[in-house]
Amino acid sequence: MNRARVLSHLLSRAPPGTPLAAARTFLYGGTRGKASAPPPPTALAAEPFLNGSSSNYVEEMYTAWLQDPKSVHQSWDTFFRNASAGAAPGTAYTAPPSLAEPTPHHVPLSSIAPAMSTSPMVGDVQISDKVIDDHLAVQGIIRAYQARGHLVAALDPLGIDREALKDRPPTTLPSRTVVRSYVDAFGEEDMERSFKLPMSTYVGGKERQLPLKEIIQRLENAYCRSIGVEFMFINSLEQCNWIRQKFEAPGVMTMDSMEKRLLLARLTRSHGFEAFLARKFSSEKRFGLEGCEILIPAMKQVIDRSTSLGVESFVMGMPHRGRLNVLANVCRKPLEHIFTQFAGLESADEGSGDVKYHLGTYQERLNRVTNKNIRLAIVANPSHLEACDPVVQGKTRAEQFYHGDSEGKKVLSILLHGDAAFSGQGIVYETFHLSELPEYTTHGTIHIVVNNQIGFTTDPRMSRSSPYCTDVARVVNAPIFHVNADDPEAVMHVCNVAADWRSTFHKDVVIDLVCYRRNGHNEIDEPMFTQPLMYTRIRKLKPVIELYGDKLINEEVVTPEEVKEVKDKYEKILETAFSVAKQQTQVFNKHWIDSPWSGFFEGKDPLKISPTGVHEDTLKHIGKKFSSAPPNASDFVIHRGIQRILNSRMDMVESRTADWALGEAMAFGSLLKEGTHVRLSGQDVERGTFSHRHHVLHHQKVDKSQYNALANLYRDQAPYTVCNSSLSEYAVLGFELGFSMTNPNALVIWEAQFGDFNNTAQCIIDQFMSSGQSKWIRQSGLVLLLPHGMEGMGPEHSSARLERFLQMTSDDPDVLPPFSDDFAIRQLSDINWIVANCSTPASYFHILRRQIALPFRKPLIIMTPKSLLRLPEARSSFDEMIEGTEFQRMYPEAGPASNNPASVKRLIFCSGRVYYDLIQARKEAGLEEKIAIARVEQIAPFPYDLVMKECAKYADAELVWSQEEHKNMGAWSYIQPRISTALNHERHISYAGRPVSASPATGNKKTHIRESKQLLEDSLAL
Ligand SMILES: Cc1ncc(C[n+]2csc(CCOP(=O)(O)OP(=O)(O)O)c2C)c(N)n1
Ligand SMILES: [Mg+2]
């Protein structure tokens, strides 16, 4: 394809002053342009579309044609073909049979210019350059409205935001902001001229042509009134056309009087609820919805419409603003439960509780509009704005997964946002990037932004650099519907379109409710301190309930009496609930659980752990399958290196031993056999960061041909999900937490690439994992695998920050729990999470299985190894995993020292990898009789009973805690007071390890080696 030739053909024909002419000057210099003779007038007339304002369009066409000749109309195809074949100027054009596929809007060009000769006629209209140019300009105008109409739409109830609106001409001419230079083609005198409508618009309805005035008017109505649609960046033509139709087709926004009355009733409730709370609890923070009361009818409309399209369950996440109103009027949580939260009552059940505007809920109810039963959950969330986004997505995904809803037809997530948080919080972006990933998609989320044009005291111009607070959604090609929240009917329309979009395309969509905040950030805040002009204006605004009530009264849809009646009726409901709430003497945290696990706890002994050992046949079966090529091995080309790994795995199985990867596979496989879904998610987890896992084998010759042995162990096994995630910690960990909330009978695991990366997910760890059960009595058995260990890899890849997890555990270092037969499980039941540093595959195997064997769920944080993955000494025999075996919270000394404890001079406690260095050094120093070494596998809750027993055994030994982490890191500060408590402060334990440091590890290999040597010497120096 000779682009240069065709362009030169086009360029040589471009009149001065056009973009093409500018391109000509750029490409060939000014003299060439000047020197070339002007084309003969007849030739110009034959290719009139190369003139003036159409040149941009021609360039666009040409570029599209280069990419795909079929993407342009046949006439352009012919022209570009001829031009590129060297046709003389004026001869490349051939009149097309028609300019478009016949559609209801189609007017064949032949009806305007049957033969496109030098003086074509349509009826009595002569087809001139101008006619063609004007049509192209109209087409440009239409496209400009679709792409840029939102810039002048009347979106802001306050009218303070839109500089662009000032550009609106006092005539019927369109705004220059929207149509830019296309407007130059026309004056007022052109308004009555009729133009053919192109395929790319639906404003004509059944009309194929319309007067310019009417075209502009309809486009203004579609794109520049209360709704601003941003969608032209979407790469799918089908999706763009779908949206055009939804907003352009005449009559799309029409509502019948029943719908209007319902809308008014819902607005009445939304408004009435806030007004009631303001009256009854005037000095209480509630983050009221005043200024965006339309949110309630909007959510209900989304829910009604989606329910009618088949959705049965809604999982929602939202911030503080309007949360109580949503609980009351969308979820229909009993009002008395909400009101009692204001009373400052003691809680009657477990949990430390949370403020009322963070609590979650779960309701099942009848959707009256569709007469279908639906489930509604609002996920509890911390103050941290947007943190619940990925949690909602994970919970939604899990619901879809366990309901077999593979296309997301039955379960829908709705996320609400504030304008400042939506643009400011990076987690929003991270969450959007999960939206289309195969193992993370929820098949489209409906986002609703309460865009009150302020964040606490900060104006948008100070809080974001993007034009809209919603621009982040463009990255996933989500359409964005901005709408003036004071136009309730427009809001209902975008809600319907959003629900339809999600149901049709299963992609995210954003509704931007442009509104205002009538009060301060909360009810006891003074907004005039910082936004005096905005609030002067707000004070003059009528609430939307009044605006809409008046509108419907004027339209005679309702009478003033009816409006009052609806209001009074709701008022009465509120008063009744208020009196019920007043009688209450306590609150129940359990009323606010967002993910009830019905049936899980019933009939269970709350202090009984099921066995975690497994029959040897099971271990062998899993081991063999895991070590084998796919059943169709002859067709499936495996990498030679992988084959070697499989062979060595098989050797281990034959010799009844397991390394780390095999131990893990046996834990997963045995759970899968028992019907427990296992999901392992994180960056590069399929192979494993350290190339030890290889759960997904890749055909070396066929793209996307894969084999997953653990998913193919048994015919009736549970599903196994292993998925490489996006390069995010915050969103992915949040997602997995949400996933783990849905079904307690699933082992959900997130693995960090290196342990230290968990700190970019800190909010999920602090706000949800460590404190979630206490705040929201919500349990989660989520497992974190955090590669950890000082192996000379520098400051960033050595520490998973074990100390932080230990610092956040909820057990008291000064209190020795009472001993009993069920000491260990009581400890587990009482603590907020479990922290372990396993040193053997068997230990890892049992602790993973124990997550499911427990009669409750606790998060489990495991420091996982790196070099131990391949260390021959760090293998376990099947004897440690078979029936009758269980998780060892501590491995006591089992070597020569244990046979003669009286002669032992030192008892070292340690945890994790350093154990292997210590036993090697002890051996080399010939101290195996003198020094005992015990390994703490479960650090928290602390195995007091076992530690005490070991200390008692070596009654005269000096006690040392040895760790490879620096002194202000690792487990030392957790261990020290607990050992002291265990020994009634009668024996002392000293520290052997690296000194304190600001950095987690040295970046210098030599220093690392020196430090490691020193810590071993210190540990063993008698
Ligand atoms: C991550 C995070 N940072 C800061 C805050 C403190 N904060 C609470 S509300 C708020 C303003 C939120 O503005 P916006 O998102 O527009 O919601 P609005 O309150 O206007 O509804 C801020 C900064 C927070 N809750 N979370
Ligand atoms: Mg705001």
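Everything numeric here is computed off the predicted structure, so don't read it as measured data. Along each chain, numbering runs from 1 in the same order as the chain's sequence is written. Naming scheme: in the order in which they are written, chains are lettered from A and ligands are numbered from 1. For a predicted model such as this one, the threshold for reporting local features is a pLDDT of at least 70, and the threshold for listing and counting side-chain atom pairs is 80 or more; totals across whole chains, interfaces and linings nevertheless cover every residue. Only hydrogens and water are removed before side-chain values are computed, so all heavy atoms of the structure are retained for them.

Asks: Quick rundown of the overall build of the protein? Include the residues and the values.
Replies: Each helix corresponds to a stretch of at least 4 residues labelled H or I by DSSP, and each strand to a stretch of at least 2 residues labelled E; elements are numbered beginning at the N terminus. Looking only at helices and strands, the protein has 37 helices and 30 strands in total. Here the protein, with 1022 residues, has 58% of them falling under the buried criterion. The criterion used for residue contact is that any of the two residues' heavy atoms lie within 4.5 Å. For the protein, the proportion of contacts with a sequence separation of at least 24, taken over those separated by at least 6, is 79%. Using the Shrake-Rupley algorithm and a 1.4 Å probe, accessible areas are obtained, with residue cover drawn only from the displayed protein chains. In the form shown here, the protein has an accessible surface area of approximately 41,500 Å², with 52% of it arising from carbon and sulfur atoms. Only protein chains enter the accessibility calculation, which uses a 1.4 Å probe; a residue is then buried when its area is under 20% of its type maximum, exposed when over 50%, and partly exposed in between.

Asks: An account of the sheet that holds strand E19 (residues 720-724) is requested, with residue identities and associated values reported.
Replies: Pairing is mixed in the open sheet, where seven strands are placed in the order E19-E16-E20-E21-E23-E22-E28. Only two strands of the sheet have a single partner each, and these edge strands are E19 and strand E28 (938-940). Strand after strand, the sheet turns through a mean of 20 degrees between neighbouring axes, direction not considered. As defined by bridge partners, strand E21 (residues 783-787) adjoins strand E23 (residues 860-864) across five bridges and the pair is classed as parallel. What sits directly across from Leu786, in E23, is Met863. By this definition, two strands are paired if DSSP reports at least two bridges between them. Helix axes are fitted only over the stretch in contact, all axes being lines through C-alpha atoms; the angle between N-to-C directions runs from 0 to 180 degrees.

Asks: I'd love a proper account of the sheet that holds strand E29 (residues 958-966), names of residues and values included.
Replies: On the basis of which strands lie adjacent, the open sheet formed by five strands has the order E25-E27-E26-E29-E30 and mixed pairing. Every other strand in the sheet has two partners, leaving strand E25 (890-891) and strand E30 (989-994) as the edge strands with one partner each. In this structure, strand E26 (residues 906-910) lies alongside strand E27 (residues 931-936), joined through five bridges in parallel fashion. When the sheet's bridge partners are listed, Leu907 is paired in E27 with Ala932. Lying on the sheet, helix H34 (residues 914-924) is in contact with E26, E27 and E29; it crosses E27 at an angle near 170 degrees.

Asks: Lay out the site of ligand 1 with the relevant residues and their values.
Replies: Here a residue is considered near a molecule or strand provided that any single heavy atom belonging to it is located within 4 Å of it. Lining the immediate surroundings of ligand 1 are 15 residues, of which His320, Arg321, Ser383, Asp419 and Ala420 lie closest. We define a polar contact as two N or O atoms separated by no more than 3.5 Å, with the added condition that, inside protein, one atom must be a possible hydrogen donor and the other a possible acceptor, whereas residues neighbouring each other in sequence contribute only through side-chain atom pairs. Within the side chain of Arg321, an N or O atom sits 2.9 Å from an oxygen atom of ligand 1. Note that an oxygen atom of ligand 1 is positioned 2.9 Å from one of the backbone N or O atoms of Ala420. Relative to its free-state accessible area of 580 Å², ligand 1 is covered by the protein chains to the extent of 75%. It is helix H17 (residues 419-424) that contributes the most residues to the shell around ligand 1, three residues altogether. Note on residue categories: nonpolar means Ala, Val, Leu, Ile, Met, Phe, Trp, Tyr, Cys or Pro, charged means Asp, Glu, Lys or Arg, and polar means any other residue, Gly included. Residues belonging to the shell around ligand 1 are distributed by class as follows: five nonpolar, eight polar and two charged.

Asks: Give me the lowdown on the nonpolar core, citing residues and values where you can.
Replies: Judged by nonpolar contacts, the single largest core of 186 residues is most densely connected at Phe273, Leu295, Phe339, Ile511, Met769, Leu784 and Phe909. Ranked by the residues each element gives to this core, the list is headed by helix H20 (residues 488-505), at nine residues. Only buried residues count toward a nonpolar core. Its members are Ala, Val, Leu, Ile, Met, Phe, Trp, Tyr and Cys residues joined through side-chain atoms within 4.5 Å.

Asks: Please set out the packing of helix H12 (residues 257-280) against helix H13 (residues 295-308) residue by residue, giving values where relevant.
Replies: Interhelical geometry of H12 versus H13 gives an angle of 130 degrees and a closest axis separation of 8 Å. In terms of orientation, H12 and H13 fall into the oblique class. On H13, the residues touching Leu263, Arg266, Leu267 and Ser270 of H12 are Ile296, Pro297, Lys300, Gln301 and Asp304. In these notes the angle categories are as follows: under 35 degrees is roughly parallel, over 145 is roughly antiparallel, 65 to 115 is roughly perpendicular, and the rest is oblique.

Asks: Please give an account of the packing of aromatic side chains that cites residues and values.
Replies: Pairs were defined over the aromatic rings of Phe, Tyr and Trp, the Trp ring being its six-membered one, requiring ring centres within 6.5 Å. Orientation was assigned from the angle between planes: stacked under 30 degrees, edge-to-face over 60, tilted for the rest. One pass over the full model with this rule turns up 30 aromatic pairs. Measuring from ring centre to ring centre gives 5.5 Å for Phe805 and Trp833, while their planes differ by 50 degrees; the resulting arrangement is tilted. On the criterion of sequence distance, the pair formed by Phe805 in helix H30 (residues 802-807) and Trp833 in the loop between helix H31 (823-830) and strand E22 (834-836) is long-range, its members being 28 residues apart. As far as the burial class goes, Phe805 and Trp833 line up, both buried. Grouping aromatic residues by their ring pairs yields a cluster made of Phe276, Phe281, Phe339 and Phe578. Whether a charge sits over a ring comes down to the Lys NZ or Arg CZ being within 6 Å of the ring centre and within 35 degrees of the ring normal. One residue, Lys673, lies across the ring of Tyr714, its end atom 5.6 Å from the ring centre. Over the face of the ring belonging to Tyr974 we find Arg978, whose NZ or CZ atom lies 3.6 Å from the ring centre.

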